[in-house]
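Structural overview
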Amino acid sequence: MSLVCTICGHTWETTPPQAVLISRNSRVAMYDIDGEVHSLRRVMTAEQKHNRWHKTKKVGCEFCFPPPEPQPVEHEVVTAPSASTNSIEKPEIEDDDESLTSMQMAFRRINRR
Ligand SMILES: [Zn+2]
Ligand SMILES: [Zn+2]
């Protein structure tokens with residue numbers, strides 16, 4: 001939370017200790033600071049607004065919708081399974097052929113008996 005003067009634009013982290021309150025309403029507080037009148041308005045950062053107001057996600061808030069992080073590793077992960085599935089499919093077909101031949105062998109044995 002920081003403070004900004006709506007008159008001159010000067011900002012403060014907190015209300016200066018020498019500030020003398022002149023008047024206050026819900027939005028701004030008029031202070032006499034070092035002999036000058038400043039109208040201080042509380043300003044919240046985007047993260048403070050997010051933590052206070054964004055119970056549900058709000059479009060345009062970088063904390064509700066953080067920008068996607070670049071992940072160059074993802075390309076390697078995508079290409080790897082497609083190559084491995086090709087190598088897996090071939091042995092499965094060979095296994096089926098072997099099981100078929102073994103079944104045919106079994107039937108032949110049964111037919112012989
Ligand atoms: Zn000012
Ligand atoms: Zn937010």
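Keep in mind it's a predicted model, so treat the numbers as computed, not measured.

It is worth spelling out the packing of aromatic side chains at this point. If you walk through the whole model with that rule in mind, you get zero aromatic pairs. The ring of Phe65 carries the charged tip of Lys57 above its face, separated from the ring centre by 5.7 Å.

With that settled, the discussion passes to the coordination of the zinc ion (ligand 2). Looking at the zinc ion (ligand 2), the protein donor atoms are His50 (ND1), His54 (ND1), Cys61 (SG) and Cys64 (SG), and they sit 1.9 to 2.4 Å from it. Classification of the site at the zinc ion (ligand 2) as tetrahedral follows from its four donor atoms and the range of 103 to 117° in their angles at the metal. When the donor residues of the zinc ion (ligand 2) are listed from N- to C-terminus, their spacing reads H-x3-H-x6-C-x2-C. There is no split in this pair, since His54 and Cys61 are both buried.

Before going further, it helps to spend a moment on the environment of Thr45. Positionally, Thr45 belongs in the loop between strand S5 (36–43) and helix H1 (46–53). In the structure, Thr45 is positioned 43 residues away from Ser2 in sequence and 8.2 Å away in space, judged by C-alpha atoms.

The rules we used
- Residues numbered from 1 in each chain as written.
- Chains lettered and ligands numbered in written order.
- Predicted model: local features only at pLDDT ≥ 70, side-chain atom pairs only at ≥ 80, totals over all residues.
- Heavy atoms only, no water.
- Phe/Tyr/Trp six-rings, centres within 6.5 Å; stacked < 30°, edge-to-face > 60°.
- Lys NZ or Arg CZ within 6 Å of the ring centre and 35° of its normal.
- Donors = N, O, S within 2.8 Å, 3.2 Å for Na, K, Ca; no water.
- Tetrahedral: all angles 85-135°; square planar, octahedral: opposite > 155°, others 65-115°.
- Buried < 20%, exposed > 50% of the residue type's maximum accessible area, 1.4 Å probe, protein only.
- Helix = DSSP H or I, 4+ residues; strand = E, 2+ residues; numbered from the N terminus.

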